[in-house]
Amino acid sequence: MIRSAFAALVMSLVMTLGIASLAYAATDAELVEAEAFFGNTLAIFDVVMASSARAAQNLGALMSSVPAFPGEVSGFFARLSETGFSAVGLFFRALFYLGLGVLAEMAYRAVLARVRPRPDAAHPVTMGQRAAWGLANFFGLGIFTLVGGWPLLMATQADPIAQTVVMTYLSAIVAVRLFAIAIRMVLSPFRPEMRVANLSDPDARKLYSHALMIAIAAAFFFTTATLFHAGGMASTAVLLFVLVTRSLVATAVILAFFGNRAGIARMIAQGPEGRPRGKGWSSFALVWHLFATIYVVLSWFAATVLLLLGRAEANELAMLSFVVIMGLLAICLLLDDWAARVDLRNRDPEQPDMPSFAQFFARLGRASAVVATIVLMLRIWSTPWGGIGLASRVSDGVVPALTQMFITFFIAYVLWQLVLIGSERVLARSAPREGESETARQTRIATLLPLVRNIMLVGIAIVAGMIGLSAIGVDVLPLFAGAGVIGLAIGMGSQTLVKDIVSGIFFLLDDAFRVGDYVDTGSAMGTIERAGIRSLQIRHHLGALHTVPFGEIQTIANHSRDWVIFKMDFRVPFDTDTHALRKRFKELGKELLKDEGVGHLFVEPLKSAGVVMMDESAMIVRASFKCHPGEQFQLRRIVYEQVRKMFKEEGIDVAVREVRVRSTGGGSTGAAGAQVAIEDALKQDGNP
């Protein structure tokens, strides 16, 4: 496993360097000079500021025509009346035919509600049922169009103006209905069992009603402005109408953001089943309305400037960019839900938190969608500025450099995620299961892999940063030269730091310790919690955390390797049969070795070394056992208890320390002398 882990990491590093060199070689031929890039950027800001000033002047002139706007509207309808067009008559005809269409669709839905199966909580909704529900909604729209819209068109065929008005507004109605079907498939305000988003019924209905009302208002304003322009209304009056209605729609959208803030935040932070999406999504859910408001304000400002400068396509571009942003959010959420379903289906019950490659592909898809969206937005908003001298600078000088930089960062992000997820999977697979002890290979992976991963991540960040700077025209060669000089200066002035790092490298290569080992460096003793680049973090058994630089370690005693011998001494009387006691210790060692609970902890069984010392009152019998490191303390307690029972069964008493005092006199003088002798003996024995 460790070979495969290191092979994967080395391959990732080689891939990083290879891609970096290829990207650098590719950019070398088409590298934008720094002066050109920053010159174009400054020119863009100058053009934008000049355009904004010119738009402000046009707005001032436009405001002077506000009093004439009601007259323009009345003149528009007067010109229509002169052609024989009757707005009131068309309104009642449209109300009649469209009412028939609504009644036909209601009858269709009533029949559909009778034959539709009742929701069953025991059987979740399948994709086939969702598709059938969507087709049923489209079929209902078709019935409305055929029964109400088509006869209305036929009824106005003799009046071209009336037919144009009907066609324009009917197209807007169909577009709004399609939008309503799309959001109904997600929010399902009236059928909770079909709801995809994690919303309550009140939140889903409120969001649906707000979105539908804003869509109706936007479609009506856009269609009316189109008819005003086609009907010959003055361009200043049409522009004034567009600016006012766009401002109203933008304000309504911002108010809807804040009104539905909590519901949409829950939808972003939690999946359809209530599953938390992650820290990134949770953080975004707290501030999503602020980002959305900023985008709407910027989009409104850019489109307003373009409209005041005579770019009529600004409205379409604003709506297109809004659809792109919404599509990006939907794709990111769908990818996250897909990865969660795959993880749930393939999750290892013993390692539920191990990252999967489904998460990697989901992150890869999100990064691809973000890069594609940024590039697409740059292309969308750079197009309408051609008439004011900005498109060539944006398309030729800035957009290619930014596109190249984003692609470089995208590749770096992919490699970053590969290293992170790959290393986390290796660490998770090498971690011991519950009830198992760590092996040498597992502890070595836990020690070395985080260091190698951090080095690789730093390398990816540095290489990506250099290529990104070169993409916008910054010459990176002086940076390398400066880094070399700074590195030399640091090396000369920080010899202790270099000594620590070099010593740590050789300690790790020699496999002198691993994370989790119990070591003694002379200055600190305890369990290694972390092995960094220049120091060890050692946790003492009393809780203190010691940080020991590698350069200060002269010798290191590792108490967690291979095995450990634990010795125990027992005081027995002089009349004890030591030969029989030795045999009894051997039998006890075999019994403990066969014990299912602790037998596997022994490397060699308990045995007696016989008498190792004698004093005035007892013989010292020594017993020892060999076990796995760290298990001696648990076994010590068990062995002591078993030896106590064995002594009791054999009738062996533990010899207590004795002090014999011989008195040649009597009376109080002899007693006092005996007391002094006892105290002296106790002091000599180390127990004052």
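Residues numbered from 1 in each chain as written. Predicted model: local features only at pLDDT ≥ 70, side-chain atom pairs only at ≥ 80, totals over all residues. Heavy atoms only, no water.

Engineer: I'd like to hear about the overall build of the protein chain, residue by residue, with values.
Structural biologist: Within the protein chain one finds 19 helices and eight strands. Each of the 688 residues in the protein chain was classed as buried or not, and the buried ones make up 38%. In the protein chain, of all internal contacts separated by at least 6 residues, the share reaching a separation of at least 24 is 72%. Split by element, the accessible area of the protein chain, about 39200 Å² in all, is 66% carbon and sulfur. (Helix = DSSP H or I, 4+ residues; strand = E, 2+ residues; numbered from the N terminus. Buried < 20%, exposed > 50% of the residue type's maximum accessible area, 1.4 Å probe, protein only. Contact = heavy atoms within 4.5 Å. Areas by Shrake-Rupley, 256 points an atom, 1.4 Å probe, with all protein chains shown as cover.)

Engineer: I'd like a rundown of the pairing of strand 4 (residues 545-549), residues and numbers included.
Structural biologist: The pairing of strand 3 (residues 535-539) with strand 4 spans five bridges and is antiparallel. Within the sheet, the bridge partner assigned to Ile538 lies in strand 4 and is His546. The turn joining strand 3 and strand 4, which pair antiparallel and follow one another in sequence, is formed by five residues; a positive phi near 115 degrees is taken by Gly543. (Pairing = 2+ DSSP bridges.)

Engineer: Account for the packing of helix 4 (residues 87-115) against helix 5 (residues 127-155), with residues named and values stated.
Structural biologist: Two packed helices can be described by the angle between their axes and the distance between those axes. Closest axis-to-axis distance for the helix 4/helix 5 pair is 8 Å, and the angle between their directions is 155 degrees. Judged by the inter-axis angle, helix 4 sits roughly antiparallel to helix 5. Like other packed secondary-structure pairs, helix 4 and helix 5 cross with a definite hand, here right-handed. In terms of residue class, the contact of helix 4 with helix 5 is built from 17 nonpolar, five polar and three charged. (Axes fitted to C-alpha atoms, helices over the stretch in contact; angles between N-to-C directions. Parallel < 35°, antiparallel > 145°, perpendicular 65-115°, else oblique. Left-handed = near helix turned anticlockwise from the far one by under 90°. Nonpolar A, V, L, I, M, F, W, Y, C, P; charged D, E, K, R; others polar.)

Engineer: Explain the sheet that holds strand 6 (residues 564-572) residue by residue, including any values.
Structural biologist: Read across the open sheet, the three strands follow the order 6-8-7; overall the sheet is antiparallel. Two strands in the sheet have a free side with no partner beyond their single neighbour: strand 6 and strand 7 (602-614). Neighbour-to-neighbour, the strand axes of the sheet open up by a mean angle of 20 degrees, direction not taken into account. Relative to strand 8 (residues 619-627), strand 7 runs antiparallel, the two being bridged by eight bridges. Across the sheet, residue Met614 finds its bridge partner in strand 8, namely Met619. Helix 17 (residues 578-594) contacts strand 6, strand 7 and strand 8 of the sheet and is inclined by roughly 160 degrees relative to strand 7. Strands in contact with helix 18 (residues 632-650) are strand 6, strand 7 and strand 8; relative to strand 6, the strand with the most contacts, it is inclined by about 25 degrees.

Engineer: Residues and numbers for the packing of aromatic side chains, please.
Structural biologist: What the rule picks out here adds up to 17 aromatic pairs. For the ring pair Trp281 and Phe284, a centre distance of 6.5 Å and an interplane angle of 75 degrees mean the geometry is edge-to-face. Of this pair, Trp281 and Phe284 are both found in helix 10 (residues 279-308), three residues apart, which corresponds to roughly one turn of the helix. Relative accessible area serves as the criterion here: at 13%, Trp281 is assigned to the buried category. Residue class for Phe284 comes out partly exposed when judged on its relative accessible area of 29%. Three or more aromatic residues joined by ring pairs make a cluster, and in this case those are Tyr169, Phe220, Phe221, Phe228 and Phe241. Against the face of Trp563 rests Lys626, its NZ or CZ located 4.0 Å from the ring centre. (Phe/Tyr/Trp six-rings, centres within 6.5 Å; stacked < 30°, edge-to-face > 60°. Lys NZ or Arg CZ within 6 Å of the ring centre and 35° of its normal.)

Engineer: Can you break down helix 6 (residues 160-187) residue by residue, with the values?
Structural biologist: Helix length check: helix 6 (28 residues) gives 40 Å between terminal C-alpha atoms against 40 Å at 1.5 Å per residue, within 8%. What helix 6 keeps buried is the set Ala162, Val165, Val166, Leu170, Ala172, Val176, Arg177, Ala180, Ile181, Ile183, Arg184 and Leu187. Next to the buried residues of helix 6 lie helix 4, helix 5 and helix 7 (201-230). After helix 6 finishes, the residue Ser188 shows a positive phi value of roughly 40 degrees. (Expected span 1.5 Å × (residues − 1).)

Engineer: Could you give an account of the sheet that holds strand 4, naming the residues involved and the relevant values?
Structural biologist: If you walk across this open sheet you meet the five strands as 4-3-2-1-5, and the pairing is antiparallel. Each of the sheet's edge strands pairs with one partner strand only, and the pair in question is strand 4 and strand 5 (557-558).

Engineer: Let's hear about helix 3 (residues 69-82): which residues, and what values?
Structural biologist: With 14 residues, helix 3 ought to run about 20 Å at 1.5 Å a step, and its terminal C-alpha atoms sit 20 Å apart, in line with that. Of the positions making up helix 3, those classed as buried are Phe69, Gly75, Phe76 and Leu80. Looking down the long axis of helix 3, one finds its buried residues gathered within 140 degrees of arc, a one-sided arrangement. Across helix 3 from its buried face, at more than 90 degrees, point the exposed residues Pro70 and Glu82. In this fold, the buried residues of helix 3 make contact with helix 6, helix 7 and helix 8 (235-259). Gly84 occupies a position one or two residues after helix 3 and carries a positive phi of about 95 degrees. (Arc of directions from axis to C-beta.)

Engineer: Tell me about the confidence of the model for the protein chain, and please be specific about residues and values.
Structural biologist: With 76% of its residues at a pLDDT of 70 or more, the protein chain shows a mean pLDDT of 76. Considering only residues more than four positions removed or in separate chains, one finds that residues 1-35, a stretch of pLDDT under 50, has 44 contacts. (pLDDT = per-residue confidence, 0-100.)

Engineer: How would you sum up the pairing of strand 3? Please name residues and give values.
Structural biologist: With four bridges connecting them, strand 2 (residues 525-531) and strand 3 associate as antiparallel partners. For Ala531, the partnering residue across the bridge sits in strand 3 and is Leu536. The turn joining strand 2 and strand 3, which pair antiparallel and follow one another in sequence, is formed by three residues.

Engineer: Tell me about the side chain of Thr245, residues and numbers included.
Structural biologist: If you trace the backbone, Thr245 turns up in helix 8. For Thr245, a relative accessible area of 7% gives the class buried.

Engineer: Explain the environment of Ala197 residue by residue, including any values.
Structural biologist: Here Ala197 is to be found in the loop between helix 6 and helix 7. Of the residues examined, Ala197 reaches a relative accessible area of 9% and is grouped as buried. Every residue in contact with Ala197, bar those within four places of it in the chain, is listed here: Val186, Leu187 and Met267.

Engineer: Would you mind going over a nonpolar patch on the surface in detail, with residue names and values included?
Structural biologist: There is a patch of nonpolar side chains on the surface, built from Phe96, Leu100, Val102, Leu103, Met106, Leu146, Val147, Trp150 and Met154 and spanning about 880 Å² of accessible area. Take the nonpolar patch: its biggest share by element is five residues, from helix 4. Tracing the chain through its elements places Leu146 in helix 5. (Patch = residues over 30% accessible without salt bridge, like charges linked within 9 Å, V, L, I, M, F, W, Y side chains within 5 Å. Salt bridge = Lys/Arg side-chain N within 4 Å of Asp/Glu carboxyl O.)

Engineer: Tell me about the pattern of salt bridges, residues and numbers included.
Structural biologist: Counted by the stated rule, this structure contains 13 salt bridges. Where Arg539 meets Glu529, a salt bridge forms, and the shortest distance between an N and an O atom there is 2.9 Å. Of this pair, Arg539 sits in strand 3 while Glu529 sits in strand 2; the two residues are 10 residues apart in sequence, bridging distant segments of the chain. The partner of Lys626 in a salt bridge is Glu604, and the shortest N-O contact between them spans 3.4 Å. Remark: Glu604 occurs in strand 7 and Lys626 occurs in strand 8; sequence separation between them is 22 residues. Beyond isolated ion pairs, a larger network of salt bridges with shared partners links Arg584, Glu587, Glu649 and Glu650.

Engineer: Pulling in residues and values, what's your account of unusual backbone geometry?
Structural biologist: With a phi close to 40 degrees, Ser188 is a non-glycine residue in the positive phi region. Mapped onto the elements of the fold, Ser188 is located in the loop between helix 6 and helix 7.

Engineer: Run through the packing of helix 17 against helix 18, naming residues and quoting values.
Structural biologist: Closest axis-to-axis distance for the helix 17/helix 18 pair is 11 Å, and the angle between their directions is 135 degrees. By the criterion of interaxial angle, the relationship of helix 17 to helix 18 is oblique. You can see that helix 17 and helix 18 cross each other, and the crossing is right-handed. Contact residues: Leu581, Arg584, Phe585, Leu588 and Leu592 in helix 17; Ile638, Val639, Gln642, Val643, Met646, Phe647, Glu649 and Glu650 in helix 18.

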